[in-house]
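# Chain and residue survey
Each chain is listed here by its residues.
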Amino acid sequence: MATLKEVKTKISGVKKTAQITKAMNMVAAAKLRGAQEKMEDFRPYTAKFVEAMSNLSGGANTNAFPLMENRDVKAVELVVVTSDRGLCGSFNANIIKLALQKMVEYEGQGKKVSFVCVGKKGYQLLRKTDKVRKRYNETMGNFQMFHAREIATDLADNFLNGTTDKVEILFGEFQSVVRQVPAVAPFLPVQPVAAEEGAEKKITGDYIYEPSSEEIMDVLQPLYLNVQIYHAMLEVGAGEHAARMTAMDNATNACKDIVKNLTVVYNKARQAAVTSELMDIVGGAEALK
Amino acid sequence: MGQQIRLEVVTPTGAKVNEDVDIVNAPGYGGDFGVLANHAPFLSTIKIGTLTYENGKKRESLMISGGFCEVSNNKITFLVESAEAGSEIDVERAMRAKERAEKRLAQAAQQTDNFNRRRAEIALQRALARLKVANR
């Protein structure tokens, strides 16, 4: 039986933990709002971009562009986008699990696999595979386009000089506040963007292109890569905060449960102590008679 | 006042400009070009430089970098990685960036390091464009 004092200390400790998790929950909620706004801001840009890409790449010969070249895949690079901080449930672990699964799958096919980690957590967990080629830390907090540009340029250079033949991005897709799923998106070679149905009619063939449509594609493709990386970073950013919100909410509830149970234990112990003291007094009084 | 054209400048951090203007001047692939109302459909890549537009007597400049622009249905849309008005530009930071880029460029020239040279060149262009807009 735990002593009264022990139980009391434990209760106050758990209460303090609950306070912290509650605060973290609220911070995550506020940050989530900011991240979601960023996503909203970004959406018109992507929408326009995809539209233009599909207009241009419609009839293009895919092997004419070095970034679209489909080669025999010998080396695969996986870009793993995770958060910088932990304490967000299984969010990062799920992404890593998918990454390892992909690694096993590709290695089973006799392909060389390397990782590029964006976000600290991914590196911490993938370090032991010894396949991390490059890592980018502390880029998730502020979402700057130039981070995305730097990463995309590096990946594209590696693709162009033949070090990698295929690049995929793994990230946590933000589906809703309560649902984030790890997802894989093809990155390189650049996929021709298929025009959505209905959008087809909007294509007007009589644009004046300056320079030619092929040369515009040459300029657009690297930008498109930036957009994809940036998109993944935004998704992970929002997903991280949403996951942390849920995780911290669960933690707060668990703390409350523990406090409840401990209070019961505390009261029982207190009553037992009172009863035994009473017995002593009664016993002493009896002896004096 | 004659007809106007709708100008939209879209960046990854949201729409920057969305208004009717008289004329737009932008740095295109083959040099600067101007667009008036009812321009034919047109698509061009955009270099780092200054975008200016006029609305009546008002004349505005934006520093823009990398992207493309599309003209259709009396609307001109710029899709650029960044667009900054003169008042938003941190002149000191741009100055520092310029010096840094120049230094790197000098280093890269000795080592014939193409990758770094390209990067420094772009950084220098960006810094110069910023300074130009900020000084208007």
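In every chain, residue numbers begin from 1 and rise along the written sequence. Following the order in which they are written, the chains are lettered starting with A and the ligands numbered starting with 1. Residues qualify for local features only when their pLDDT is at least 70, as the model is predicted, and side-chain atom pairs are given and counted only at 80 or more; totals for whole chains, interfaces and linings, by contrast, use all residues.

## Observations concerning the overall build of chain A
Labels follow the DSSP assignment, with helices taken as runs of H or I lasting at least four residues and strands as runs of E lasting at least two, numbered in each case from the N terminus. From N to C terminus, chain A includes five helices and six strands. The secondary structure elements of chain A, listed N-terminal to C-terminal, are α-β-α-β-α-β-α-β-β-β-α. Every C-beta atom is placed from the backbone, and the number of other C-beta atoms within 10 Å of a residue's own sets its class: buried at 20 or more, exposed at 12 or fewer, partly exposed in between. Per-residue burial for chain A yields a buried fraction of 31% across its 289 residues.

## Concerning the sheet that holds strand 4 (residues 166-176) of chain A
All names here are of chain A. Two strands form a pair only when DSSP identifies at least two bridges running between them. Spatially, the five strands line up as an open sheet ordered 3-2-1-4-5, and their pairing is mixed. The sheet is open, and its two edges are formed by strand 3 (132-136) and strand 5 (179-188), each paired on a single side. Put simply, the sheet's adjacent strands are angled 20° from each other on average, direction ignored. A pair of residues counts as a contact when their C-beta atoms, built from backbone coordinates, are separated by no more than 7 Å. Axes, fitted as lines to C-alpha atoms, cover a helix only where it is in contact. Angles between the N-to-C directions of the axes lie from 0 to 180 degrees. Contacts from helix 4 (residues 145-160) reach strand 1 (75-81), strand 2 (112-118), strand 3, strand 4 and strand 5, with the element oriented near 45° to strand 5.

## A word on the packing of helix 4 of chain A against helix 5 (residues 213-288) of chain A
Residue and element names in this part refer to chain A. Packing of helix 4 against helix 5 brings their axes to within 8 Å, and their N-to-C directions diverge by 120°. Classed by the angle they form, the pair helix 4 and helix 5 counts as oblique. Relative to helix 5, the crossing made by helix 4 is right-handed. Where helix 4 abuts helix 5, its residues M145, A148, R149, I151, A152 and A156 lie against P222, L225, N226, I229, Y230 and M233. Taken together, the residues that form the contact of helix 4 with helix 5 break down as ten nonpolar, one polar and one charged. For classification purposes, an angle smaller than 35 degrees is called roughly parallel, one larger than 145 roughly antiparallel, one from 65 to 115 roughly perpendicular, and anything else oblique. Crossing handedness is read from the near helix: turned anticlockwise from the far helix by less than a right angle, it gives a left-handed crossing, and turned clockwise, a right-handed one. Side-chain classes follow a simple rule in which Ala, Val, Leu, Ile, Met, Phe, Trp, Tyr, Cys and Pro form the nonpolar group, Asp, Glu, Lys and Arg form the charged group, and the remainder, Gly included, forms the polar group.

## Looking at the domain arrangement of chain B
Residues and elements named next belong to chain B. Splitting chain B by domain gives domain 1 (5-87) and domain 2 (90-134). For the domains described, the bounds stem from an automatic or database domain assignment. A straight line from the C-alpha centre of domain 1 to that of domain 2 covers 24 Å. Of all the secondary-structure elements, those providing two or more residues to the side of domain 1 that touches domain 2 are strand 6 (49-55) and strand 7 (58-72). Considering each element in turn, the side of domain 1 that touches domain 2 owes the most residues, four residues, to strand 7. Along the lines of polarity and charge, the residues of the side of domain 1 that touches domain 2 split into three nonpolar, five polar and one charged.

## Digging into the interface of chain B and chain A
Opposite the 25 residues of chain B that make contact, chain A presents 21 residues. In terms of residues, the side of chain B that touches chain A owes the most to one element, strand 7 of chain B, which gives five residues. Along the lines of polarity and charge, the residues of the side of chain B that touches chain A split into eleven nonpolar, twelve polar and two charged. Where strand 6 (residues 208-210) of chain A and strand 5 (residues 42-46) of chain B come together, three bridges link them in parallel fashion. In the sheet register, Y209(A) faces strand 5 of chain B, and the bridge partner there is L43(B).

## Some words on the nonpolar core
In this structure, V79(A), V80(A), V81(A) and L155(A) are the most contacted members of the largest nonpolar core, which totals 85 residues. Looking at this core, the element that brings in the most residues is helix 5 of chain A, giving 19 residues. By our criterion, buried Ala, Val, Leu, Ile, Met, Phe, Trp, Tyr and Cys residues that link up through C-beta atoms within 7 Å make up a nonpolar core.

## Notes on the confidence of the model for chain B
Confidence scores here are pLDDT values: one per residue, from the predictor, ranging 0 to 100. Chain-level pLDDT for chain B is 85 on average; 97% of the residues reach the 70-or-more range. Confidence estimates for the predicted assembly give a pTM of 0.80 and an ipTM of 0.72.

## Notes on the confidence of the model for chain A
Residue and element names in this part refer to chain A. On average, chain A scores 84 in pLDDT, and the residues at 70 or more come to 89%. Summarising per-element confidence for chain A, the mean pLDDT is lowest in strand 6 (76) and highest in helix 2 (residues 91-108) (91). Below pLDDT 50 for its whole length, residues 195-203 participates in six contacts with residues either more than four positions away or in separate chains.

## Thoughts on the pairing of strand 6 of chain B
Side chains on a regular strand alternate between the two faces of the sheet. Residue and element names in this part refer to chain B. Across three bridges, the pairing between strand 3 (residues 23-28) and strand 6 is antiparallel. Each bridged residue has a counterpart across the sheet, and for N25 the counterpart in strand 6 is T52. Sheet topology note: the strand 6/strand 7 ladder contains seven bridges and is antiparallel. Looking across to strand 7, one finds that N55 is bridged to K58.

## Digging into helix 2 of chain A
All names here are of chain A. Taking 1.5 Å as the rise per residue, helix 2 with 18 residues should run 26 Å; its terminal C-alpha atoms sit 26 Å apart, in good agreement. For helix 2, the set of buried residues is F91, N92, I95, I96 and A99. Viewed along the axis of helix 2, the buried residues span an arc of 125°, placing them on a single side of the element. Away from its buried face, by an angle of more than 90 degrees, helix 2 presents the exposed residues V104, E105 and G108. Given a helix with a known number of residues, its expected span is that number minus one, times 1.5 Å. Arc definition: it is the arc formed by the directions from the helix axis to the C-beta atoms.

## A few points about unusual backbone geometry
Cis rather than trans, the peptide bond between L188(A) and P189(A) has omega equal to -5°. As for its placement among the helices and strands, P189(A) is situated in the loop between strand 5 and strand 6. The phi dihedral of N38(B) falls on the positive side, at around 60°, and the residue is not glycine. For N38(B), the location among the structural elements is in the loop between strand 4 (31-35) and strand 5.

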